[in-house]
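Read off the chains here:
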Amino acid sequence: MVVYSELNPPPRLLLGPGPSNVAPRVLKAMSMPTIGHLDPAFLQLMSDVQTLLRHTFRTDNWLTLPISGTGSAGMEAAIANFVEPGDPVLVCINGYFGERLAEMANRYGAKVYRLEKPWGEIFTPEEVDAALREHPAKIVAIVHAETSTGVLQPLEGISEVVHKHGALILVDAVTSLGGVPLFVDDWDLDIVYSGTQKALSCPPGLAPITVSERAEEVLSRRKTKVISWYLDLTMVRKYWGVERTYHHTAPINMIYGLREALRIVQEEGLERRWHRHRRNATFLWTGLESLGFQLVVPREYRLPTLTTVYVPEGVNGAFVQRRLLEDYNIEIGGGLGAFRGKVWRIGLMGESSRREHVVLLLAALKEILRL
Ligand SMILES: *Cc1c(COP(=O)(O)O)cnc(C)c1O
């Protein structure tokens, strides 16, 4: 029988598309003793998390809670609860995660209409308006921060158009929550989900979601049961609401971690945090360009939490990533789908968004590529 050594993960600097580095305070909170999921002390922590999440989402939505599971579980909860078989859903696809939304909507029986733009571009309100004229839909699904392309999608104008057509707007905010401006109430967004391991700098494992009153009404008027039992918000909300009815055992220590991560967000201040992300991203963009690299996305809609940069002609992108990891303990990401082998993806999210990390990465790239 093999005797396994004690766990000892390497000390990586996480500058990829997620997870990001986790604050020591969050890890410490997660190591606290596990208590029962109906313990009054835990119920209080749950309320704290909901209040802090509303603050971070900039919303007063009552139905705001963390789904058990990673960002994709948030995506699946958003689709499963608001799509009934046969419902028309318009999905805006300009990257890998828009594609995943379409795939999930399809699996839950939606009639999916695809509005497509090339990877690296954004959608305009006029385009969404035209698509809805052609195909009226119950829901319009769109990604706020496309981690596959590094695009930050403006949402205000689109939300207005969607509501003019009487539809709901469903938003993927996995790589935006806590890193770039997101105003759920001011922008009138209906269903917004995120993940803990990107700009919130908590380990992967929870997916915050928030639902507008308008969308809650749609949920209450469903004719069919939610197909996913585990993600059924009509039941999950009773555990997070006044009833406190058991549904599934909450991942106690993950909730501890999220509470601490959100406390850190509150202490720093959301606006200051957004500014920090933009400042460090701008510093990275300038540094990359001065080394001769070309960025994929035009400045106006470049995403501060994730930067896509072209792998220079004649350079093996995967080789550089391996050198960064093995010689410098730095993780960055490669391209997905249409961008496979063509781009690197550099994340500056949460704890990872620091000026000294940018300096280190640029210096390492310089050494590896002999620039
Ligand atoms: C990472 C990510 C997801 C999926 O989250 P997981 O935690 O990997 O399940 C969904 N959407 C976007 C935009 C993401 O960046």
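Note that the coordinates shown come from a computational prediction; the quantities given were computed from them, not determined experimentally.

**Overview of the overall build of the protein chain**
So, step 1. In terms of regular secondary structure, the protein chain is built from twelve helices and 14 strands.
So, step 2. The principal-axis extent of the C-alpha atoms belonging to the protein chain is close to 60 × 55 × 45 Å.
So, step 3. Of all 371 residues assigned to the protein chain, the portion counted as buried reaches 58%.
So, step 4. Working note: accessible area of the protein chain is about 16100 Å², and carbon and sulfur atoms make up 53% of it.
So, step 5. Measuring between centres, the 40 positive side-chain charges of the protein chain sit 4 Å from its 41 negative side-chain charges.

**Things to note about the packing of aromatic side chains**
What describes a pair of aromatic rings is the distance from one ring centre to the other and the angle between the planes of the rings.
So, step 1. Enumeration according to the criterion identifies six aromatic pairs in this entry.
So, step 2. Taken together, a centroid distance of 5.1 Å and an interplanar angle of 80 degrees make the contact between Tyr96 and Phe97 edge-to-face.
So, step 3. On the accessibility criterion, Tyr96 (31% relative accessible area) is partly exposed.
So, step 4. Take Phe97: its relative accessible area is 14%, and that puts it in the buried class.
So, step 5. Here Trp119 and Phe339 contribute two aromatic rings whose centre-to-centre distance is 5.4 Å and whose plane-to-plane angle is 75 degrees, an arrangement assigned as edge-to-face. Residue Trp119 is found in the loop between strand E4 (111-116) and helix H5 (125-134), and its partner Phe339 is found in the loop between strand E13 (333-334) and strand E14 (343-347); the two are separated by 220 residues along the sequence.

**Structural notes on the site of the ligand**
So, step 1. Near the ligand, the surroundings consist of 13 residues, among which Thr70, Ser72, Thr147, Gln197 and Lys198 are the closest.
So, step 2. At a separation of 2.3 Å, an oxygen atom of the ligand approaches a polar side-chain atom of Thr147.
So, step 3. Between the ligand and the protein, one listed contact pairs an oxygen atom with a side-chain N or O atom of Thr175 at 2.9 Å.
So, step 4. Relative to its free-state accessible area of 380 Å², the ligand is covered by the protein chains to the extent of 89%.
So, step 5. Mapped onto the shell around the ligand, the elements with two or more residues apiece are helix H3 (71-82) and helix H4 (96-107).

**Notes on the packing of helix H7 (residues 213-220) against helix H8 (residues 233-240)**
So, step 1. The geometry of H7 relative to H8 is characterised by a closest axis approach of 11 Å and an angle of 120 degrees between their N-to-C directions. As judged from the angle between their axes, H7 and H8 are oblique. Note on element contacts: H8 touches H7 through Leu233, Thr234 and Arg237, opposite Glu216, Leu219 and Ser220.
So, step 2. Here the residues of the contact of H7 with H8 sort into two nonpolar, two polar and two charged.

**Notes on the sheet that holds strand E11 (residues 306-310)**
So, step 1. What the three strands build is an open sheet, ordered E11-E14-E13; its pairing is antiparallel. The open sheet is flanked by E11 and E13, the only strands paired with a single partner.
So, step 2. Direction of pairing for E13 relative to E14: antiparallel, over a ladder of two bridges. Pairing of Gly334 across the sheet is with Trp344, part of E14.
So, step 3. Where helix H10 (residues 270-290) meets the sheet, it contacts E11 and E14, and its direction lies at approximately 10 degrees from that of E11.

**As for the side chain of Glu146**
So, step 1. Within the secondary structure, Glu146 sits in strand E6 (residues 145-146).
So, step 2. Look at Glu146: it is buried, it has no salt bridge, and the nearest opposite charge is Arg345 at 6.8 Å.
So, step 3. Within the structure, Glu146 has its side chain in polar contact with the side chain of Ser148 (distance 2.6 Å).

**What to know about the sheet that holds strand E2 (residues 63-68)**
So, step 1. Read from one edge to the other, the open sheet built from seven strands follows the order E2-E10-E9-E8-E5-E3-E4, with strand pairing classed as mixed. Two strands in the sheet have a free side with no partner beyond their single neighbour: E2 and E4. For this sheet the average axis-to-axis angle between neighbouring strands, irrespective of direction, equals 20 degrees.
So, step 2. With three bridges joining them, strand E9 (residues 191-193) and strand E10 (residues 206-211) adopt antiparallel strand pairing. Bridge pairing links Ile191 to Val211 in E10.
So, step 3. Where helix H6 (residues 156-164) meets the sheet, its contacts fall on strand E5 (139-143) and strand E8 (168-172), and the angle it forms with E8 comes to roughly 145 degrees.

**Quick look at the environment of Tyr96**
So, step 1. Checked against the element boundaries, Tyr96 lands in helix H4.
So, step 2. Considering only alpha carbons, one finds Tyr96 and Leu189, 93 residues apart in sequence, at a separation of 22 Å.
So, step 3. When sequence neighbours within four positions are dropped, the list of residues in contact with Tyr96 reads Trp119, Glu146, Ser148 and Leu336.

**So, the layout of surface pockets**
So, step 1. Estimated volume of the largest pocket: approximately 200 Å³.
So, step 2. Forming the walls of the largest pocket are Arg12, Leu14, Pro19, Ser20, Asn21, Val22, Leu27, Cys202, Pro203 and Pro204.
So, step 3. A breakdown of the residues in the lining of the largest pocket according to their chemical character gives seven nonpolar, two polar and one charged.

What counts and what doesn't
- Residues numbered from 1 in each chain as written.
- Predicted model: local features only at pLDDT ≥ 70, side-chain atom pairs only at ≥ 80, totals over all residues.
- Heavy atoms only, no water.
- Helix = DSSP H or I, 4+ residues; strand = E, 2+ residues; numbered from the N terminus.
- Buried < 20%, exposed > 50% of the residue type's maximum accessible area, 1.4 Å probe, protein only.
- Areas by Shrake-Rupley, 256 points an atom, 1.4 Å probe, with all protein chains shown as cover.
- Lys, Arg positive; Asp, Glu negative; His and termini not counted.
- Charge placed at Lys NZ, Arg CZ, Asp CG, Glu CD.
- Phe/Tyr/Trp six-rings, centres within 6.5 Å; stacked < 30°, edge-to-face > 60°.
- Near = heavy atom within 4 Å.
- Polar contact = N/O pair within 3.5 Å; in protein donor to acceptor, adjacent residues only side chain to side chain.
- Axes fitted to C-alpha atoms, helices over the stretch in contact; angles between N-to-C directions.
- Parallel < 35°, antiparallel > 145°, perpendicular 65-115°, else oblique.
- Contact = heavy atoms within 4.5 Å.
- Nonpolar A, V, L, I, M, F, W, Y, C, P; charged D, E, K, R; others polar.
- Pairing = 2+ DSSP bridges.
- Salt bridge = Lys/Arg side-chain N within 4 Å of Asp/Glu carboxyl O.
- 1 Å grid on protein atoms, 1.4 Å probe; cavity = no way out; pocket = protein on both sides within 12 Å on 5 of 7 lines; lining within 4 Å.
- Points joined across faces, edges and corners; volume = space filled by probe spheres on them.

Any link to function would need more than the numbers given here.
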